[in-house]
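Each chain, letter by letter, is given below.
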Amino acid sequence: MHQPPVTALAATDPDIADLVEREARRQHDKIRLIASENYVSQAVLEATGTVLTNKYSEGYAGKRYYEGQQFIDPVETLAVERAKALFGVDHANVQPYSGSPANLAVYLATVNPGDAVMGMALPAGGHLTHGWSVSATGKWFTPVQYGVRRDTGRVDLDEVRDLAKRHRPRLIFCGGTAIPRTIDFPAFAEIAAEVDAVLVADIAHIAGLVAGGAHPSPVGHARIISTTTHKTLRGPRGAMLMSDEEFAKPLDKAVFPGLQGGPHNHTTAAIAVALKEAAQPAFRDYAHTVVANAKALADALVERGFDLVSGGTDNHLILVDLTSKSIAGKPAAKALDAAGIELNYNTVPFDPRKPFDPSGIRLGTAAITTRGLTPAHMPHLAGWIDRAITTDNPADHEKIATEIRELLTSFPMPGWA
Ligand SMILES: *Cc1c(COP(=O)(O)O)cnc(C)c1O
C-alpha cells in the first residue's frame, strides 16, 4: 500500500487512487534503471504533500508581492542556505520549476536572441535545452554543437576549443543526459576563458554525486551551475541555479519575474529536506555506492559481451550499444520491461539508426542504490539483462520478473509498505 495511505483520495477519486497504488507497486516490484530517476525518502515525499501547495509567494524571501509569508520565507531561506552550504556556492535560487525552465533562465540572464551558444549535441549525450534544433534554445539562439570522439566515445576538448574559437559563443554548456564519464570542468573553463564565454555546468544528472564527493565539483570553474533536484540528488522534481555573486541578481530576475510566477512552495520545502539529507555522512556513502554499482554492472556487462560507449563508466550511468547483440534499443527496452527491468532506449554517438528506434539503451544505478542493492548484486543483474534480451518468449520474461520481485521484497521502498 502507498505510504502515507491515500484514504481521502480513494474516497474522492477511486480511479486516480487506484492508479497511484498500482504505480507504487510497480515502482516497488521493478529494477528501475532509468538514469534520471530515483526514489525520494519518506520525508521528502511528505513535504511534497503538504499545505504549502496552497500558498502564493511571488518574489523572494523578504520581498514578496502577497502577504502571509511568515512561514514560507523561512522555508525558502532554509533551502537556499542548505544549497549554498552543500555545494559551496555564493548564491542559490531554488525556484525554477524544473531543469528545462532553469536552463531557459540561464539564457535570459546572460544572452540575447540570436547570440551564439554552445552545448553538447543531443545525440551525443547533451540535453535539448543546450541548443538542440527542436528546442526553443535552438530556435531563438544560434547553436553551436559539440560531440564525442568516434574512437573514444568521450568529449573531444580539441573540437570544443576549435568550435568555440570559430563561433565565439557567449555561453558554453557542459554536462548532459547520457555522459558516462567525468566532466572535465577545469578544461571547459579554460576554453570559456579563451573566448570570453560564460561557462554553465548543467549537473542535473550528477548533482548527487557532486554533493556526495563522488564526482568533481564545477564550483570555481563554471560561473553558473544548473541542476535538477530529482535525479541523483534524490529530491522532489524541481531545479536550482547556483552562481557566483556577479550572476546572482541576473539569475534571480530571470527566474522571477522573467520566466515564472509563484514558486511551488511544497517543492521548495521538499528540496530543503533533500538538501539536508544530502549533507549527511550517509549520503556520501550513497553517492560512492552509486558509482561502485555502476562500475560493477559495467564490468559484468562487458564480461557478457556488451559494448559500452567509452568502454565503461565513471559515474552513475552506462550507455550500451546493442549492435553487437543483434538487437535494437527499443525492442530490448520492451523485453527488459516485460522482465521487470525498467530503462530507456537511447541513441548512441554516431548512431546509424533513427532517434525513435536507436541502437542503444541507457542504464543508471541511482534508484537501485537507494533500494539498497550493492556491487555484489550486479553480476546477477547483468545476467538477467542478458537473458531478457536474448529471448522473446513471454514466459522467460515473466520468470525473470518473478525472480526480481522476490529479490526486491528484501529491499524496502520509501512510499510503499
Ligand atoms: C534532466 C535534465 C534537464 C531537464 O530537466 P527537466 O526537469 O526534465 O526539465 C536539463 N539538463 C540536463 C543535463 C538533464 O539531464
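Residues numbered from 1 in each chain as written. Predicted model: local features only at pLDDT ≥ 70, side-chain atom pairs only at ≥ 80, totals over all residues. Heavy atoms only, no water.

Draft legend 1. Representation of a nonpolar patch on the surface in the model. Together, L9, I16 and L19 make up a nonpolar patch on the protein surface, roughly 240 Å² of accessible area in all. Mapped onto the secondary structure, L19 falls in helix 2 (residues 14-29). (Patch = residues over 30% accessible without salt bridge, like charges linked within 9 Å, V, L, I, M, F, W, Y side chains within 5 Å. Areas by Shrake-Rupley, 256 points an atom, 1.4 Å probe, with all protein chains shown as cover. Salt bridge = Lys/Arg side-chain N within 4 Å of Asp/Glu carboxyl O. Helix = DSSP H or I, 4+ residues; strand = E, 2+ residues; numbered from the N terminus.)

Draft legend 2. Main features of the domain arrangement of the chain. Parsing the chain into structural domains produces domain 1 (14-35 + 284-408) and domain 2 (47-278). Computed from C-alpha coordinates alone, the two centres of domain 1 and domain 2 are separated by 27 Å. Taken together, the contact pairs 25 residues of domain 1 with 23 residues of domain 2. When domain 1 packs against domain 2, the two sides together hide about 2,000 Å² of surface, and 56% of this comes from carbon and sulfur. Summed over the shared surface of domain 1 and domain 2, the result is one salt bridge. A salt bridge links D314 to R181, with the shortest nitrogen-to-oxygen separation between them at 2.8 Å. The tally of links between domain 1 and domain 2 comes to 11 residue pairs in polar contact (both at pLDDT 80 or more). Looking at the side of domain 1 that touches domain 2, the elements with two or more residues in it are helix 12 (281-303), strand 12 (317-321) and helix 14 (366-371). Considering each element in turn, the side of domain 1 that touches domain 2 owes the most residues, six residues, to helix 12. (Domains from an automatic or database assignment. Contact = heavy atoms within 4.5 Å. Buried area = accessible area lost by both parts, 1.4 Å probe. Polar contact = N/O pair within 3.5 Å; in protein donor to acceptor, adjacent residues only side chain to side chain.)

Draft legend 3. Here's a closer look at the UniProt feature "modified residue: N6-(pyridoxal phosphate)lysine" (unreviewed entry) in the chain. As annotated by UniProt and renumbered to match this structure, "modified residue: N6-(pyridoxal phosphate)lysine" (unreviewed entry) occupies K231. Tracing the backbone shows K231 in the loop between strand 9 (224-228) and strand 10 (239-243). Setting aside its immediate chain neighbours within four residues, K231 contacts S36, N38, A204 and H205. (UniProt positions renumbered as here; feature names shortened; annotations may be inferred.)

Draft legend 4. Structural detail: the sheet that holds strand 11 (residues 307-308). Taking strand neighbours across the sheet as the criterion, the four strands line up as 11-12-15-14 in an open arrangement whose pairing is antiparallel. On the outer flanks of this sheet lie strand 11 and strand 14 (344-346), each paired with one strand and no other. Pairing of strand 14 with strand 15 (residues 360-364) involves three bridges; the strand directions are antiparallel. Its bridge partner being in strand 15, Y345 is matched across the sheet by I361. Seen against the sheet, helix 12 touches strand 11, strand 12 and strand 15 and runs at an angle of roughly 15 degrees to strand 12. In the packing of helix 13 (residues 329-338) onto the sheet, contacts are made with strand 14 and strand 15, and the angle to strand 15 comes to roughly 45 degrees. (Pairing = 2+ DSSP bridges. Axes fitted to C-alpha atoms, helices over the stretch in contact; angles between N-to-C directions.)

Draft legend 5. Just the pattern of salt bridges, in detail. Going through the model one piece at a time under the given rule, you end up with 24 salt bridges. E342 is the salt-bridge partner of R32, the closest N and O atoms lying 3.7 Å from each other. Highlighted residues: R32 in strand 1 (residues 31-32) and E342 in strand 13 (residues 341-342), separated in sequence by 310 residues. With a relative accessible area of 5%, R32 lands in the buried category. Linking E403 and K399 is a salt bridge whose minimum nitrogen-to-oxygen distance equals 3.0 Å. (Buried < 20%, exposed > 50% of the residue type's maximum accessible area, 1.4 Å probe, protein only.)

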